[in-house]
Amino acid sequence: MRNRDRNRTSSDVTVTDPSLVKRAVKAAALGNAMEWFDFGVYGYLTATLGHVFFPTASSTAQVLSTLGTFAAAFLVRPIGGAFFGPLGDRIGRQRVLAITMIMMAAGTFAIGLIPSYNAIGVWAPVLLIVARMLQGFSTGGEYGGACTFIAEYAPDKRRGFFGSFLEFGTLVGYVAGAGLATALTTLLSDGDLYSWGWRLPFLIAGPIGLVGLYVRMKLEETPAFKKLTEEAESKQKERPKPKLKDMFVGNGNAMALCIALVLVFNVTDYMLLSYMPTFLSEELGYDATHGTLILIAVMVLMMCVQIPMGRANDRYGHRVVIGAACAGFVVLSVPAVLLIRAGSTWAIALGLAALGLLLVGFTSSMPSTLPALFPTKVRYGSLSVGFNLSVSLFGGTTPLVAAALIAATGDLMIPAYYMMAAAVVGGIAAWRMRESAGRPLPGSPPAV
């Protein structure tokens, strides 16, 4: 039987093929892993990149400048989401995900080729910003498309389980990026690291991107999108092309919930995985290598819990899991940061582990929760716009804002307060949203 026949869609039910679902999950998770491999490398080489691209600034200014460049990519993510999202609703999820994959790889690869500030002056940070913006533009269509792709392939009763693999890919990519960055900073001298060593992780993105592109090109379109196309063809008319305004008209409440849920997800995510290495080394004076190794161990622990928590979403519901994680951040953020500030290895490990396990409440639930907020005909576009708007305003700016607030106030508890405020917003959103676990996606028949 040919693959195209194995996912059968009727007006009553979609019968999914397990092998196709697994292939779709692997392809989507691979792109997310590559995206976060770059974030891991960038976050753990912040001090090195600051020295290479901003050598004339003070050490604090170098960190802030590098984090500012990191945040600059998020300024164009909503533009990428507004471009790729409606395109994915118009020409299909699979095609757009292939495009974003190769663009992400190209942007990351380009960073590894940029000459240093000492070689070309101010053009070095300018080119770094351009490459980061290319990454941001393509990433704008990546996460929303990957979530949509998995959600539309997965059976309703296992959507949380399969969706959790997307963020499992995130952790794999981040651990790989952080591990490679740590190995380079440990094994290479400062001279070698500054001259060529920092380039290696970024250059790896080229071949990884080609592999990801090959895998995604082998996939078929999702059953939900094919059903929309078939319905239009049966009526002998072209399916209406989604426009940007369609993402908001009639979906205002869903968009607001999406922005709020993504806010708590990304503020806590970027605070732990992107900013904590800088917080440990720059603010607490902790050895950078030891801090990185602790955080890598925490991420491995999160990987062990991620898939079981995906199953818990299917069993208990997304509202319960997300609500519990938000309550945990409100109650435990201050004790966790106090433990981290205590300075001993075990105290830091315990504090980071507490935050990491709470974060799994979001990483295991969001990939299956967010697509279920929107109907099939505008799902890719609405999710991409809402997700990237929230990430740009709140998530990607978290490391920069946290560092700037600490510099301005001298209060080392800023990370805890920031996560607590985000958790309050997320808790309200979880309370107001409709439970979607085990239920058909809006605009789609039941999937079994």
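Our subject is the structure that appears above.
The rules we used
Residues numbered from 1 in each chain as written. Predicted model: local features only at pLDDT ≥ 70, side-chain atom pairs only at ≥ 80, totals over all residues. Heavy atoms only, no water. Helix = DSSP H or I, 4+ residues; strand = E, 2+ residues; numbered from the N terminus. Rg over C-alpha atoms; globule rule 2.2 N^0.38 Å. Buried < 20%, exposed > 50% of the residue type's maximum accessible area, 1.4 Å probe, protein only. Contact = heavy atoms within 4.5 Å. Areas by Shrake-Rupley, 256 points an atom, 1.4 Å probe, with all protein chains shown as cover. Core = buried A, V, L, I, M, F, W, Y, C linked by side-chain atoms within 4.5 Å. Salt bridge = Lys/Arg side-chain N within 4 Å of Asp/Glu carboxyl O. Phe/Tyr/Trp six-rings, centres within 6.5 Å; stacked < 30°, edge-to-face > 60°. Axes fitted to C-alpha atoms, helices over the stretch in contact; angles between N-to-C directions. Parallel < 35°, antiparallel > 145°, perpendicular 65-115°, else oblique. Left-handed = near helix turned anticlockwise from the far one by under 90°. Nonpolar A, V, L, I, M, F, W, Y, C, P; charged D, E, K, R; others polar.

1. Observations concerning the overall build of the protein
Each helix and strand in the protein was counted, giving 21 helices and two strands. Over its C-alpha atoms the protein spans a radius of gyration of 21 Å, differing by no more than 12% from the 22 Å that the globule rule assigns to 448 residues. Summarising its shape, the C-alpha atoms of the protein cover approximately 65 × 45 × 40 Å along the three principal directions. Out of the 448 residues belonging to the protein, those deemed buried represent 58%. Within the protein, contacts between residues at least 6 apart in sequence are counted, and of these 85% link residues at least 24 apart. Roughly 16,900 Å² of accessible area belongs to the protein as shown, and the carbon and sulfur atoms make up 66% of that amount.

2. Here we look at the nonpolar core
Counting residues in each nonpolar core, the largest one holds 99 residues, and the members touching the most others are Phe53, Leu272, Met299, Leu352, Phe362 and Leu370. No other element matches the 19 residues that helix α14 (residues 252-283) contributes to this core. When neighbours within four sequence positions are excluded, phenylalanine 362 is seen to be in contact with Val264, Phe265, Thr268, Ile322, Ala325, Cys326, Phe329 and Pro367. Grouped together as the second largest cluster of nonpolar side chains are twelve residues, Ala27, Phe149, Tyr153 and Leu219 included.

3. Things to note about the pattern of salt bridges
It is possible for side chains of opposite charge to pair when their charged atoms get near one another. On inspection of all chains with the given rule, the structure shows six salt bridges. Here glutamate 142 and arginine 216 are joined by a salt bridge, their closest N and O atoms 2.7 Å apart. Remark: arginine 216 occurs in helix α12 (residues 205-217) and glutamate 142 occurs in helix α8 (residues 142-153); sequence separation between them is 74 residues. Residue classification places arginine 216 among the buried positions, given a relative accessible area of 2%. For the salt bridge of glutamate 152 with arginine 379, the shortest nitrogen-to-oxygen distance reads 2.7 Å. Remark: arginine 379 occurs in helix α19 (residues 379-395) and glutamate 152 occurs in helix α8; sequence separation between them is 227 residues. Comparing glutamate 152 with arginine 379 shows no difference in burial state: the two are buried.

4. Thoughts on the environment of alanine 402
Mapped onto the elements, alanine 402 comes out in helix α20 (residues 398-409). Judged by relative accessible area, which is 0%, alanine 402 ranks as buried. A sequence separation of 16 residues divides alanine 402 from tyrosine 418, and the C-alpha atoms of the two residues are 7.9 Å apart. If sequence neighbours within four positions are ignored, alanine 402 has contacts with Met271, Tyr275 and Ile414.

5. Comments concerning the packing of aromatic side chains
What describes a pair of aromatic rings is the distance from one ring centre to the other and the angle between the planes of the rings. Counted under the stated rule, the structure contains twelve aromatic pairs. Judged by centre distance (5.7 Å) and plane angle (10°), the ring pair of phenylalanine 329 and phenylalanine 362 falls under stacked. Of this pair, phenylalanine 329 sits in helix α16 (residues 318-342) while phenylalanine 362 is found in helix α17 (residues 345-363), placing the two residues 33 residues apart along the sequence. Here the two residues phenylalanine 329 and phenylalanine 362 agree in accessibility, since each one is buried. Every member of this aromatic cluster is reached through a ring pair, and the members are Phe161, Phe162, Phe165 and Phe168.

6. Some details on the side chain of arginine 77
Tracing the sequence through the fold places arginine 77 in helix α4 (residues 77-91). Leaving out residues up to four positions away in the same chain, arginine 77 has contacts with Glu35, Phe39, Gly136, Thr139, Gly140, Tyr270, Phe387, Asn388, Val391 and Ser392.

7. Points about the packing of α14 against helix α21 (residues 414-432)
Two elements in contact, α14 and α21, have axes whose closest approach is 9 Å; the angle formed by their N-to-C orientations is 155°. Taken together, the axes of α14 and α21 lie roughly antiparallel to each other. The handedness of the crossing between α14 and α21 is left-handed. When α14 is examined against α21, the residues Asn253, Leu257, Ala260, Leu261, Leu263, Val264, Val267, Thr268, Met271, Tyr275, Met276 and Phe279 are found in contact with a partner set consisting of Pro415, Tyr418, Met419, Ala422, Ala423, Val425, Gly426, Ala429, Ala430 and Arg432. Within the contact of α14 with α21, the residues separate by chemical class into 18 nonpolar, three polar and one charged.

8. Here's the deal with the packing of α14 against α19
The N-to-C vectors of α14 and α19 enclose an angle of 45°; their axes lie 8 Å apart at closest approach. The angle between α14 and α19 places the two elements in the oblique class. Seen along the crossing, α14 lies across α19 with a hand that is right-handed. Seen from α14, the contacting residues are Met255, Cys258, Ile259, Val262, Leu263, Asn266, Val267 and Tyr270; seen from α19, they are Ser382, Leu383, Val385, Gly386, Phe387, Leu389, Ser390, Val391, Phe394 and Gly395. Grouping the amino acids of the contact of α14 with α19 by side-chain chemistry returns 13 nonpolar, five polar and no charged.

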